[in-house]
Every structure is written in structure tokens, then in C-alpha cells.
Amino acid sequence: MSKVVCDISISADGYSAGNNQTEERPFGDADGSILHAWMFDTSEENRAELDAVTEAKAFIMGRNMFGPIRDEWSGDWTGWWGPQPPFHAPVFVLTHYPRDPLVMGGGTTFHFVTDGIEAALKQARAVPGDGNVAIAGGATTVNQYIAAELLDELRLHIIPFTLGGGTRVFDGVPPLKLEQISSRAATQITHVTYRLIR
């Protein structure tokens, strides 16, 4: 069976986004360009980690990661990524409000799941292929999958700066044991992979 994995960029104090997220500021008070600069580095230094991020056969994300809209769907919001999102696979968005699937360019279709994290995971696992299912974020969604013991592997991409507030990985998660699989320091980032011990 495929693994359930997560790649998430965090500050040195564990935050993946700052407070006060808006449509104009998707990472709130955090500088998203600092958090994710490694993903756009053209030097190939982080190629193995980038390949691992994009090899999933399906993705799951929280409503906040898809966009800043908190209530009923309105307007024509299609996500932060423009007409060609980088997923190139089905993406299951956790939400309390139903919405028809949203077909985008490059093979990405957003499906909106209203009946919880286990239902989203079941749908993602049903996607044909033998690739992994990736929990794309944000941290609140990642924490839900960790707490429910549904995540197999956590890949943290740690950036050497602090935020001091926002949404943090492991907040509200019961104590757990992690097995370090790998770690690698690169320019302005450290990649650490953990297996979650059940």
C-alpha cells in the first residue's frame, strides 16, 4: 500500500505560516518567499527533495491552504496557484461547504470533501496508481492527520529564521515517537525526514 506522506516548509521555531492570512498575503505575517525559496532554486541542490514532493498520486489540503475564504463558496476563487497549479494530480480539499470539482490545467482537479479527514484519505487512496498520498498542508491539517495516526512519513524543510507566531506543526498533537530516516543540510535549509511510530 502507498504511504501517506507530508512535505512542509517551516521556520526554525516550527511555523508554516504567520497570522493574518488574506488573499493578498497567503502566508499572513510570514514571508512566503523565505519559506519556499528552496522550491524555486534552479541550482539543483534540492532536486531530490523536490522530486519527492511532486511524486504523489494525490494530494490532500485544508481549506485555508486552498484559499482565504472561510464561509460559503462565493465568486470564482480557484486557489493561489493560477490556471496551472503545480500538483498535476487530484487534490482533495477539506471543507465544511460543498462545491463541485474544479478542473484546472496541467492535470489538477480540486475535489471538495465535507465529511472529514478519513473520507478525504479514502478518496485519495482510491486514485489509480501506486504513488504516495501527500498531505500538502497547512499545518493544522497536517496536525489532524498526525493526531489521528494516519500519517506515515513527515518531511520537514526547516528554514533558518523564526516567526514567533502563526500556525505551527505539532500544535495540539499528543506526544508521539519519531524515527529519523534522513537529514541533509543544504544552503539556507535543512531537510529532515521522520517516520511516525505507532
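Residues numbered from 1 in each chain as written. Predicted model: local features only at pLDDT ≥ 70, side-chain atom pairs only at ≥ 80, totals over all residues. Heavy atoms only, no water.

Description of the environment of Val5
Following the sequence through the fold, Val5 ends up in strand β1 (residues 4-11). With a relative accessible area of 2%, Val5 lands in the buried category. When the C-alpha atoms of Val5 and Phe59 are compared, they prove to be 9.6 Å apart, with 54 residues separating the residues in sequence. Apart from the residues lying within four places of it in its own chain, the contact partners of Val5 are Asn132, Val133, Ala134, Ile135, Leu151, Glu153 and Arg155. (Helix = DSSP H or I, 4+ residues; strand = E, 2+ residues; numbered from the N terminus. Buried < 20%, exposed > 50% of the residue type's maximum accessible area, 1.4 Å probe, protein only. Contact = heavy atoms within 4.5 Å.)

Re the side chain of Asn143
Relative to the helices and strands, Asn143 resides in helix α5 (residues 139-147). Relative accessible area serves as the criterion here: at 7%, Asn143 is assigned to the buried category. At 2.7 Å, the side chain of Asn143 and the backbone nitrogen of Phe170 are in polar contact. In contact with Asn143, not counting residues within four places along its chain, are Arg168, Val169, Phe170, Asp171 and Val173. (Polar contact = N/O pair within 3.5 Å; in protein donor to acceptor, adjacent residues only side chain to side chain.)

Examining helix α2 (residues 47-54)
Regarding α2, the residues found buried are Glu49, Leu50, Ala52 and Val53. Burial along α2 is one-sided: seen end-on, the buried residues are contained in an arc of 160 degrees. Buried residues along α2 sit in contact with β1, β3 (58-61), β8 (153-159), β10 (177-186) and β11 (189-197). (Arc of directions from axis to C-beta.)

What to know about unusual backbone geometry
In this chain, Gly137 is followed by Gly138 through a cis amide linkage whose omega measures -10 degrees. Position of Gly138 among the secondary structure elements: in the loop between β7 (133-137) and α5. Despite not being glycine, Glu44 has its phi angle at roughly 75 degrees, a positive value. Inspection of the secondary structure assignment puts Glu44 in the loop between α1 (32-36) and α2. Residues other than glycine seldom take positive phi values, yet Phe170 does so here, at roughly 80 degrees. Within the secondary structure, Phe170 sits in the loop between β9 (167-168) and β10. Judged by relative accessible area, Phe170 falls into the partly exposed class, the value being 30%.

A few points about the packing of aromatic side chains
A complete count under the given rule lists nine aromatic pairs for this structure. Every member of this aromatic cluster is reached through a ring pair, and the members are Phe59, Phe66, Trp73, Trp81, Phe87, Phe110 and Phe112. Between Arg63 and the ring centre of Trp73, over which it is positioned, the NZ or CZ distance is 3.6 Å. (Phe/Tyr/Trp six-rings, centres within 6.5 Å; stacked < 30°, edge-to-face > 60°. Lys NZ or Arg CZ within 6 Å of the ring centre and 35° of its normal.)

Things to note about the UniProt feature "domain: Bacterial bifunctional deaminase-reductase C-terminal" (unreviewed entry) in the protein chain
In the numbering used here, UniProt assigns the feature "domain: Bacterial bifunctional deaminase-reductase C-terminal" (unreviewed entry) to residues 3-187. Helix makes up 19% of residues 3-187 and strand 28%. Its end C-alpha atoms lie 28 Å apart. (UniProt positions renumbered as here; feature names shortened; annotations may be inferred.)

Observations concerning the sheet that holds β7
One open sheet accounts for nine strands, arranged β5-β6-β4-β3-β7-β1-β8-β11-β10; its pairing is mixed. Both outer strands of the open sheet, β5 (102-103) and β10, are each paired with one neighbouring strand and no more. Two elements, β3 and β7, share four bridges in a ladder whose sense is parallel. By the bridge assignment, Ala58 is partnered in β7 with Val133. Lying on the sheet, helix α4 (residues 117-125) is in contact with β1, β3, β4 (90-94), β6 (109-113) and β7; it crosses β4 at an angle near 175 degrees. Here α5 sits on the sheet in contact with β1, β3, β4, β7, β8 and β11, set at roughly 135 degrees to β7. (Pairing = 2+ DSSP bridges. Axes fitted to C-alpha atoms, helices over the stretch in contact; angles between N-to-C directions.)

Observations regarding the nonpolar core
Core analysis: the largest hydrophobic core is formed by 30 residues, its most contacted members being Ile8, Ile60, Phe92, Ile135, Tyr145, Leu151 and Leu154. Listing elements by their share of this core, those giving two or more residues are β1, β3, β4, α4, β7, α5, β8 and β11. Here the element with the most residues in this core is α4; it accounts for five residues. Those residues in contact with Leu151 that lie beyond four places of it in its chain are Val4, Val5, Cys6, Ile135, Tyr145, Ile146, Leu196 and Arg198. (Core = buried A, V, L, I, M, F, W, Y, C linked by side-chain atoms within 4.5 Å.)

Describing the pairing of β8
In terms of burial, β8 is largely enclosed, as six of its seven residues are buried. Pairing between β1 and β8: seven bridges, direction parallel. Directly across from Ile8, in β8, lies its bridge partner Leu156. Two elements, β8 and β11, share six bridges in a ladder whose sense is antiparallel. Paired with Leu156 across the two strands is Val192, which belongs to β11.

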